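A closer look at the structure
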Amino acid sequence: MQKIPVAILGATGVVGQKLIELLISHPWFEIKKLAASERSVGKSFIEAIENPINFDLPQNLANMKVSSCDFEDKIPLAFSALDSKVATEIESNFLGKGTHVISNAKNFRMQSDVPLLIPGVNSEHLPLIESQKSLGKIINNPNCAVAGLALALKPIHKMFGLKKVIVTTMQALSGAGNKGPSAYAALNNILPHIHGEEEKVEQEPKKILGQLLNNQILPLNCKISAQCNRVPVLNGHFMSVSVELEKPATQSSILFAFDAFNKKASKLPSSPQNALTYFENLNMPQPKIHQNIDKGMSVSIGKLRRCSCLDFKFNLLLNNLVLGAAGGALLNAEALLNRYPELFMSPEVAINY
Ligand code: NAP
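Residues numbered from 1 in each chain as written. Predicted model: local features only at pLDDT ≥ 70, side-chain atom pairs only at ≥ 80, totals over all residues. Heavy atoms only, no water.

Moving on, we come to the site of the ligand. Lining the immediate surroundings of the ligand are 28 residues, of which Thr12, Ser37, Arg39, Ser40 and Leu82 lie closest. Ser174 has a polar backbone atom sitting 3.0 Å from a nitrogen atom of the ligand. Considering the ligand on its own, with 910 Å² of exposed area, one finds that the protein chains cover 84% of that surface. Mapped onto the shell around the ligand, the elements with two or more residues apiece are helix H1 (14–23), helix H4 (84–96) and helix H10 (322–339). If you tally residues by element for the shell around the ligand, the top one is H4, at three residues. When the residues that make up the shell around the ligand are grouped by side-chain class, the tally is 13 nonpolar, 13 polar and two charged. (Near = heavy atom within 4 Å. Polar contact = N/O pair within 3.5 Å; in protein donor to acceptor, adjacent residues only side chain to side chain. Areas by Shrake-Rupley, 256 points an atom, 1.4 Å probe, with all protein chains shown as cover. Helix = DSSP H or I, 4+ residues; strand = E, 2+ residues; numbered from the N terminus. Nonpolar A, V, L, I, M, F, W, Y, C, P; charged D, E, K, R; others polar.)

Rendered as structure tokens:
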């Protein structure tokens, strides 16, 4: 199969760089454009990055000139890792030109015709794109903490029904991107406010775990309470979760639900072997050790036990830059191409490369 040419919008940011790392050897997609702000335009990519994440960058990409986000060439697919302040306008321009957009930014996540997608959790929401009026179609991946939370909650909800969720997050510094807190503010400290994060963690899982009825999402009827904190961990969001259930459960029946969920996982190039990895050892998972399980695409869970206020509680860890951002976006692009290959063959989406 000829690879699909792709652009990365916001390529110089933390998520943009992780997208590049994951796309270098991707079997279906090939990077043709790297775009960012005026600060970076015209520089070689290697000169433009302010906070390099550590990976082997091939020469052709290191030397590729960074474009502005209004470049003229038509391209069938763009991954957006844009700052949310500019994502609405730039992503809309690409959709108007017939480019399909897979976005990490929050801007279109709650729009009714945009799938907030995690393949394997709510793949049935993907046909929402058929209601979109634009020539290009857009899929969003969720907030990074939500990506892990929704994956863990899905099998529990499916088997026992969710009534209430209480979650306290301990989120890594990489989740804040290039403009995150300074080392002086973050180290040896806990920052108890992440702007807008608690709202996203309380709202987005209800859309993801909602039901598709007459081409609309009926949100999950469940109370979610979130407290989000920034902690001095470089990468890997950790959280403690308590759940109240509709039906009686035991520890082993919940573990059985996790196992059954793993067996039904989607099989796309970026899918993990196991969407959920359970640790019997009470001292696990830990961000430093377990963030890259299944190439960063698996959610690690531990300490599942009875809760004295709600029904059960557990800890959870996900790689916020991979599953929570770049890897999640790649999986969504694969799901789109797998289900709607014709979208990439339309003569309107002419490929100039
Ligand atoms: P980041 O490190 O701050 O990167 C932001 C990117 O946006 C940079 O490439 C920047 O380019 C570009 N940009 C800023 N202003 C622009 C403008 N006026 N025109 C064009 N490009 C512009 O942020 P990030 O952490 O990678 O996050 C990217 C997006 O993903 C955000 O919307 C974020 O909320 C979301 N997200 C992040 C994570 C995470 O774990 N970090 C997880 C899930 C979702 P310059 O370098 O040239 O300024």
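And the narrative resumes.
Moving on, we come to the sheet that holds strand S7 (residues 162–171). Read from one edge to the other, the open sheet built from six strands follows the order S10-S7-S11-S14-S13-S12, with strand pairing classed as mixed. If you trace the sheet from one side to the other, it starts and ends with strand S10 (223–230) and strand S12 (276–279), each paired once. Each strand of the sheet is rotated relative to its neighbour by a mean of 20°, with strand direction disregarded. Contacts from helix H5 (residues 144–160) reach S7, strand S11 (237–245), S12, strand S13 (299–306) and strand S14 (312–318) within the one sheet, and its direction differs from that of S14 by about 140°. Seen against the sheet, helix H8 (residues 251–263) touches S11, S12, S13 and S14 and runs at an angle of roughly 145° to S12. (Pairing = 2+ DSSP bridges. Axes fitted to C-alpha atoms, helices over the stretch in contact; angles between N-to-C directions. Contact = heavy atoms within 4.5 Å.)

Structurally, Cys144 is set in helix H5. When the C-alpha positions of Cys144 and Gly236 are compared, they lie 9.8 Å apart, and in sequence the two are 92 residues distant. Here Cys144 is in contact with Glu197, His237, Leu318, Asn320 and Gly324, once residues within four sequence places are set aside.

Under the defined criterion, the tally for this structure stands at nine salt bridges. Close ionic contact of Arg39 with Glu50 constitutes a salt bridge, the shortest N to O distance being 3.7 Å. Taken as a pair, Arg39 in the loop between strand S2 (29–36) and helix H2 (45–48) and Glu50 in the loop between H2 and helix H3 (59–62) lie far apart in primary sequence, 11 residues in all. Overall, the relative accessible area of 35% leaves Arg39 in the partly exposed class. When the shortest N-O distance is used, the salt bridge between Lys263 and Asp259 registers 3.2 Å. Highlighted residues: Lys263 and Asp259, both in helix H8, separated by four residues, approximately one helical turn. For Lys263, a relative accessible area of 67% puts it in the exposed group. Under the relative-accessibility criterion, Asp259 is labelled partly exposed at 38%. (Salt bridge = Lys/Arg side-chain N within 4 Å of Asp/Glu carboxyl O. Buried < 20%, exposed > 50% of the residue type's maximum accessible area, 1.4 Å probe, protein only.)

On to the sheet that holds S2, then. Across the sheet, six strands lie side by side as S3-S2-S1-S4-S5-S6; this open sheet has parallel pairing. Two strands close off the open sheet at either side, each with one partner strand: strand S3 (67–68) and strand S6 (138–140). Sheet analysis places strand S4 (residues 77–80) next to strand S5 (residues 100–103), joined by four bridges and oriented parallel. Paired with Ala78 across the strands is Val101, a residue of S5. Docked against the sheet, H1 engages strand S1 (4–9), S2 and S4, running at close to 160° with respect to S1. Running over the sheet, H10 touches S1, S2, S4, S5 and S6 and is turned about 150° from S5.

The next point concerns the packing of H1 against H10. Across the interface, H1 lies against H10 with an axial gap of 9 Å and an inter-helix angle of 50°. Looking at the two axes, H1 sits oblique to H10. Of the two possible hands of crossing, H1 and H10 adopt the one that is right-handed. On H10, the residues touching Val15, Lys18, Leu19, Leu22 and Leu23 of H1 are Val322, Ala325, Ala326, Gly327, Ala329 and Leu330. For the contact of H1 with H10, a count of residues per class yields nine nonpolar, one polar and one charged. (Parallel < 35°, antiparallel > 145°, perpendicular 65-115°, else oblique. Left-handed = near helix turned anticlockwise from the far one by under 90°.)

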